[in-house]
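Structure assessment
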Amino acid sequence: MSTPVPTVEHGTLSPYVGTVMALIFNNNYVWVHSRLIRMFPNFAARFEDNQLKMKPVPQGTAHIVVHYLYTGCYEGLKALGTREVDKIKYHFKMGVHVYDLAREYNLYHLEDMATDELQCLAPKLQLGTIITVLDEQEFTHTKISSWLREYITGEVMRVRKSATTDAIRVMGDDMKHNRPITGIIFPPSETLVLQPKTRERLTKNRRGGLVVLGRVRDRPDKVFGQVSAS
């Protein structure tokens, strides 16, 4: 009879003993025990000299990835601020970054959990807010794919069926045209001409229709529907 071999997976070998490997986030080294890394063979194969330089991401995203490697759970840092919309936006941002990292570095279960997070958070934000968030510089090199891409595309199609041409143009307001989100909202095949920079935003009214509001920040009483942001 063969002698059983202890393994981390079966709980007979400690993952906290042995050598460590480095994840490099924005030139900051995060050391993780190698036995944990090797539980994900495709991920471990990406390391060179026990190091892996990750894509630039916020600290909150790095925390979620490292926490997952140690616990198998998705758990983010607490969001700053008191407004509920700001908390939702923060966790939505982290979810987009985590999904992109997990997909690129072959952390399949984390990818699924990030998708679940986005499926929960995205419907709580207005389309205009999602577009504004994803048009920020930190998402320049972030791929928007799979469920989130399909969700945004579906929402844009719904908006276009019920909105005027001017309202559609507003969706591109303030966009830098160098983010992945731009290609989803305005595919290269389209010839839509955007208006100059304004402060208008699309919001939903009580009946689910679409309205274009000027200077939303100055007229909070005119914002209806789901959680809104200036």
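Residues numbered from 1 in each chain as written. Predicted model: local features only at pLDDT ≥ 70, side-chain atom pairs only at ≥ 80, totals over all residues. Heavy atoms only, no water.

**Things to note about the nonpolar core**
Going by this rule: Buried Ala, Val, Leu, Ile, Met, Phe, Trp, Tyr and Cys residues form a nonpolar core when they are joined through side-chain atoms within 4.5 Å. Partly exposed describes any residue whose relative accessible area lies between the buried limit of under 20% and the exposed limit of over 50%, with all areas from a 1.4 Å probe on protein chains only and scaled to the type maximum. We count a stretch as a helix when DSSP gives it H or I for four or more residues in a row; a strand needs E for two or more, and each element gets its number in order from the N terminus. Pairs of residues are marked as contacts when any of their non-hydrogen atoms sit within 4.5 Å.
Counting residues in hydrophobic clusters, the biggest one holds 49 residues, and the most contacted among them are Leu23, Phe43 and Phe92. Put simply, the parts of the chain that give this core at least two residues each are strand 1 (20–25), helix 1 (34–37), helix 3 (59–71), helix 4 (84–104), helix 5 (108–121), helix 6 (127–134) and helix 7 (146–162). Among all residues touching Phe43, those that are not within four sequence positions of it are Leu23, Ile37, Leu52, Met54, Leu69, Tyr105, Asn106 and Leu107.

**Let's talk about the environment of Phe40**
Considering the arrangement of structural elements, one finds Phe40 in the loop between helix 1 and helix 2 (41–44). Residue Phe40 is classed as buried on the basis of its relative accessible area of 18%. Through-space distance from the C-alpha of Phe40 to that of Tyr105 is 10.0 Å; in sequence the pair is 65 residues apart. The contact partners of Phe40, leaving out residues within four places of it in the chain, are Tyr68, Leu69 and Leu107.

**Topic: a nonpolar patch on the surface**
Short version of the rule: Two distance rules govern patches: like charges are joined within 9 Å, and nonpolar side chains (Val, Leu, Ile, Met, Phe, Trp, Tyr) within 5 Å, applied only to residues with over 30% relative accessible area and no salt bridge. Note on areas: Shrake-Rupley, 1.4 Å probe, and residue coverage restricted to the protein chains presented here. Note on definitions: salt bridges are taken to be side-chain nitrogens of Lys or Arg within 4 Å of carboxyl oxygens of Asp or Glu.
Where nonpolar side chains cluster on the molecular surface, the patch consists of Val20, Tyr29 and Trp31 and spans about 310 Å² of accessible area. Structurally, Val20 can be placed in strand 1. Overall, the relative accessible area of 33% leaves Val20 in the partly exposed class.

**Observations regarding the packing of helix 3 against helix 4**
Applied cut-off: For helices, the fitted axis covers only the stretch in contact; all axes are lines through C-alpha atoms, and the angles between them, taken along N-to-C directions, range from 0 to 180 degrees. In what follows, roughly perpendicular refers to angles from 65 to 115 degrees, roughly parallel to angles under 35, roughly antiparallel to angles over 145, and oblique to any angle outside these ranges. Left-handed describes a crossing whose near helix is turned anticlockwise from the far helix by less than a right angle; the clockwise case is right-handed. Gly is placed with the polar residues, together with every amino acid not listed as nonpolar (Ala, Val, Leu, Ile, Met, Phe, Trp, Tyr, Cys and Pro) or charged (Asp, Glu, Lys and Arg).
Across the interface, helix 3 lies against helix 4 with an axial gap of 9 Å and an inter-helix angle of 55°. The pairing of helix 3 with helix 4 is recorded here as oblique in orientation. The hand of the helix 3/helix 4 crossing is right-handed. Residues Gly60, Thr61, Ile64 and Val65 of helix 3 form the contact with helix 4, whose participating residues are Tyr90, Met94, His97, Val98 and Leu101. Broken down by class, the residue content of the contact of helix 3 with helix 4 amounts to 6 nonpolar, 3 polar and no charged.

**Considerations on the packing of aromatic side chains**
Aromatic ring pairs are defined here through the distance separating the ring centres and the angle between the ring planes. Using the following cut-off: The criterion for an aromatic pair is that two Phe, Tyr or Trp rings (for Trp, the six-membered ring) have centres within 6.5 Å, with stacked assigned to planes under 30 degrees apart, edge-to-face to planes over 60 apart and tilted to the rest.
Scanning the entire structure with this criterion turns up 5 aromatic pairs. Ring centres of Tyr16 and Tyr70 lie 6.1 Å apart, and the angle between their planes is 10°; this geometry places the pair in the stacked category. In this pair, Tyr16 is assigned in the segment before strand 1 and Tyr70 in helix 3, connecting sequence segments 54 residues apart.

**Description of the sheet that holds strand 1**
The test is simple: Pairing between strands is defined by DSSP: at least two bridges between them are needed.
The strand order 2-1-3 describes an open sheet built from 3 strands, whose pairing is mixed. Each having just a single partner strand, strand 2 (28–33) and strand 3 (51–53) make up the two edges of the open sheet. In this sheet, adjacent strand axes meet at a mean angle of 20° when their direction is disregarded. Pairing between strand 1 and strand 2: 6 bridges, direction antiparallel. Following the sheet pairing, Phe25 is matched in strand 2 by Asn28. Here helix 3 sits on the sheet in contact with strand 1 and strand 2, set at roughly 10° to strand 2.

Treat this as a map of the structure, not an account of what it does.
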